[in-house]
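# Geometric and topological summary
In case you want the letters, here they are:
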There are 2 protein chains.
Amino acid sequence: MQIRSLQTCATTKARSAELQTDHGTIQTPVFMPVGTAGSVKSLSPDDLIDTGSQIILGNTYHLLLRPGMEIIRSAGGLHKFMSWQGPLLTDSGGYQVFSLGRMNKISEVGVVFQSVLDGSRHSLSPEISMDIQRTLGSDIVMAFDECTAYPATREVAQISMELTHRWEERSLHYFRSNPPHYGHDQQLFGIVQGSVYPELRKLSARVLTDLGFDGYAIGGLSVGEPKEDMYAMTDVVTDILPPEQPRYLMGVGKPEDLVQAVALGIDMFDCVLPTRNARHGIMFTWDGPVSVKAAREKDVHEPLDADCECYTCQNFSRAYLRHLFKANELLVYRLASLHNIHFYHSLMSGMRTAIQAGDFPQFQNDFFNRYDVKRAGGQR
Amino acid sequence: MQIRSLQTCATTKARSAELQTDHGTIQTPVFMPVGTAGSVKSLSPDDLIDTGSQIILGNTYHLLLRPGMEIIRSAGGLHKFMSWQGPLLTDSGGYQVFSLGRMNKISEVGVVFQSVLDGSRHSLSPEISMDIQRTLGSDIVMAFDECTAYPATREVAQISMELTHRWEERSLHYFRSNPPHYGHDQQLFGIVQGSVYPELRKLSARVLTDLGFDGYAIGGLSVGEPKEDMYAMTDVVTDILPPEQPRYLMGVGKPEDLVQAVALGIDMFDCVLPTRNARHGIMFTWDGPVSVKAAREKDVHEPLDADCECYTCQNFSRAYLRHLFKANELLVYRLASLHNIHFYHSLMSGMRTAIQAGDFPQFQNDFFNRYDVKRAGGQR
């Protein structure tokens, strides 16, 4: 998978480009909303398009357990099942097996685990994960890896990384030997591991690049390590990854993380934060996050952000949003999610425009001068 | 409030007309979705328009308790607070005081009750209800009445009805003496009571007609009485109400009830059924209600109704809806509500077209030949 129309920043490693998939073109840097169980929580496909979503995620783990692959297969794949016409990325399922617990066994072959839903036994391996993702029919498939727990000693991190490399090689081999199901092409991304050890990260980036994936992800970050480590690891890895292929920083993150990571050469992001925070009344603005449930909003008959073009800000006041939260009205989860996803996409589009205009360092500067990461807890 | 463009059925008492409000024209017969706490559950104003909603309801009781009248007043009324540009009807608050319990005292003056939210003490009277509805700024205001409990002896029903008449006269007097707040006009509807006693219903209809309201509602039905009583009471009342003014059957009902009541000369309906049922997975079709959560839907990759033009049926399968219900995905409450509200409006629009074409008896016949009221529990 070659990126096209690459434009780079002269000062930082920031880059803007296009990715072509059989379900459409993606402008990078891009944020990908997370549709865990076949739905980006509270949002319809039309909502996703209206907010500027170009590509969304599905989670293999959740979809495997419910509704199960038989139903997805008979629907003709995940795109058709959820009525999403655009590009779709699925993860390998591995991360949730590790993070949601209830793992019974991990071996060279793969993992055996119990469903968080009903305790039923399931297996995942590189081959099974590729089969599932062929059945899901995502445009971008992730190799099956072990997400190294944090903290990990260098020795543990290396053992885990080496297992990941063997699993990813098996993923690649199996993926290349088994064709897609639905007539559209799929791309396979490898995942760099190595915990917070720069030498392991460099080694991992080189091993995977030599294997030759369609794109590369950086995994095992945003799992509890200090921010400096997250940025440092990203920095060493993007120095090695081939510039003509896409780079995806998995599970990241907060608006400030996105700006920092774009400066380090990342093209793609996903995170549940904008939708999860929305459901808890935390809404993002260029001044920082705002808790719209706060008492001070009760008679503020102005939108969250008067300059925002999202449906929520164009139609509803902070006082109304607060009322809906207090009354547990279902509508508000959608209205808040619409705004937050729109904000994330505006942030990415602002960065794309800045990179293309040669202004990215200025954008970065302006963003950090204005954006107060701790605003939600403070005064208006 | 005069109806316009009245067209009547030659065989039944069905009628189709237009109602003019300062927020737009309403084509009758009309179904009004219920926006209890300032939101029709899970639906945005755009959703309401897309499904064909012409007028919606707000509940005085709920809005009085939360967010409270101070916030609604400072917002400039309920229309602005909830961003609904169309016609709006509010009830008097009385029904919820009686039905939600926690009433402390009922007297000639009015009622004292405790909030279901926090136990705080509140009063409602004809004058207070009119003040609140002036503050809400609804296009149609309901007089303050006592909804007679069912069953009631004739004596109890008469005492209650007479109290209602005194309260409604006070409502009318106070309403006429206190102007609207926001520059648009408001209409006041009287409410006919009298339980299941035809003589009381007739008397009530005459007393209220003599008082001279802008429109008339029939209250105290669909509260547990046999269907035949509901229809019989509607029939005797619509024989007396002035034909040039609108008639509203409060809190009704199921699709089959709407068809029957239109045949008896009713113009307006409201009910939480389509949205409440939607949230429980009961979706309406021309063949009857369908439980989309049923196991038999799990791999049905077809819309609920292939001929339905709602967003849900145009984009999603029964299998997907069932999956979303099983996964408790927020999106499904909106998708199911969109369909059910669209179905109710299609039913009303079908009746309007039939009345205007002189075909209402045929419509009625076709509807009851096809619609199976017990379908949800049965086989597909």
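Residues numbered from 1 in each chain as written. Chains lettered and ligands numbered in written order. Predicted model: local features only at pLDDT ≥ 70, side-chain atom pairs only at ≥ 80, totals over all residues.

## With respect to the overall build of chain A
As a reminder of what qualifies: Numbering goes from the N terminus for both helices and strands, where a helix is a DSSP run of H or I of at least four residues and a strand is a run of E of at least two. Two things to know: the radius of gyration comes from C-alpha atoms, and the globule rule equals 2.2 Å times the number of residues to the power 0.38. Using C-beta atoms placed from the backbone, we call a residue buried if 20 or more other C-beta atoms fall within 10 Å of its own, exposed if 12 or fewer do, and partly exposed for counts in between. What counts as a contact here is a pair of residues whose C-beta atoms, placed from the backbone, lie within 7 Å.
Assigned secondary structure in chain A consists of 15 helices and 17 strands. Expected size for 380 residues packed as a compact globule is a radius of gyration near 21 Å; at 20 Å, chain A falls within 12% of this value. In chain A, which comprises 380 residues, the proportion classed as buried is 57%. In chain A, of all internal contacts separated by at least 6 residues, the share reaching a separation of at least 24 is 68%.

## Description of the confidence of the model for chain A
Filter applied, for reference: pLDDT expresses how confident the predictor is about each individual residue, on a scale running from 0 to 100.
On average, chain A scores 96 in pLDDT, and the residues at 70 or more come to 99%. At the level of chain-chain contacts, confidence expressed as ipTM amounts to 0.97, with global pTM at 0.97.

## Comments concerning the packing of helix α6 (residues 126-136) of chain A against helix α7 (residues 154-177) of chain A
Packed helices, taken two at a time, are described by their axes: the angle between them and the distance between them. Residues and elements named next belong to chain A. Heads up, the condition is: As a rule, the C-alpha atoms of each element are fitted with a line to give its axis, helices using only the stretch in contact, and angles between N-to-C directions run from 0 to 180 degrees. What sets the label is the angle itself: under 35 degrees gives roughly parallel, over 145 gives roughly antiparallel, 65 to 115 gives roughly perpendicular, and the rest give oblique. Each crossing is labelled by how the near helix is turned from the far one, with a counterclockwise turn of less than a right angle marking it left-handed and a clockwise turn marking it right-handed.
It is the contact of α6 with α7, at a shortest axis distance of 8 Å, that shows an interaxial angle of 45°. The angle between α6 and α7 falls in the class oblique. Viewed along their axes, α6 and α7 form a crossing whose handedness is right-handed. Counting all contacts with α6, which are made through Pro 126, Glu 127, Ser 129 and Met 130, the residues of α7 involved are Trp 167, Arg 170, Ser 171, Tyr 174 and Phe 175.

## A closer look at the domain arrangement of chain A
Residues and elements named next belong to chain A. Applicable threshold: Where each domain starts and ends follows an automatic or database-derived domain assignment. Each residue gets one label: Ala, Val, Leu, Ile, Met, Phe, Trp, Tyr, Cys and Pro are nonpolar, Asp, Glu, Lys and Arg are charged, and the others, such as Gly, are polar.
The domains assigned to chain A are domain 1 (4-271) and domain 2 (278-363). Of note, the centres of domain 1 and domain 2, computed from C-alpha atoms alone, are 27 Å apart. Taken together, the contact pairs 25 residues of domain 1 with 22 residues of domain 2. Mapped onto the side of domain 1 that touches domain 2, the elements with two or more residues apiece are β2 (15-21), β4 (30-32), α1 (45-50) and α10 (255-263). The biggest single contributor to the side of domain 1 that touches domain 2 is α10, with four residues. Each residue belonging to the side of domain 1 that touches domain 2 can be placed in one class, and the counts come to 12 nonpolar, nine polar and four charged.

## Brief notes about unusual backbone geometry
Cis geometry is found at the peptide bond from Thr28(A) to Pro29(A), where omega equals 0°. Checked against the element boundaries, Pro29(A) lands in the loop between β3 (24-28) and β4. Between Val252(A) and the following residue, Gly253(A), the backbone shows a cis peptide bond with an omega angle of 5°. Among the secondary structure elements, Gly253(A) is positioned in the loop between β14 (247-249) and α10. Residues other than glycine seldom take positive phi values, yet Ser42(A) does so here, at roughly 80°. Within the secondary structure layout, Ser42(A) lies in the loop between β5 (34-35) and α1. A count of 26 C-beta atoms within 10 Å places Ser42(A) in the buried class. The phi dihedral of Ser5(B) is positive, around 50°, even though this residue is not glycine. Of note, Ser5(B) is situated in strand β1 (residues 4-8). Here Ser5(B) falls in the exposed class, since 11 other C-beta atoms lie within 10 Å of it.

## Observations concerning the sheet that holds strand β9 (residues 111-114) of chain B
Residues and elements named next belong to chain B. Under the convention used in this document: Strands qualify as paired when DSSP identifies two bridges or more between them.
Reading across from one edge, β8-β9-β10 is the order of the three strands in this open sheet, with antiparallel pairing throughout. If you trace the sheet from one side to the other, it starts and ends with β8 (103-106) and β10 (121-124), each paired once. Here the strands of the sheet are splayed against their neighbours by 20° on average, with no regard to which way each runs. Across four bridges, β9 lies against β10 in antiparallel orientation. Across the sheet, residue Val 111 finds its bridge partner in β10, namely Leu 124.

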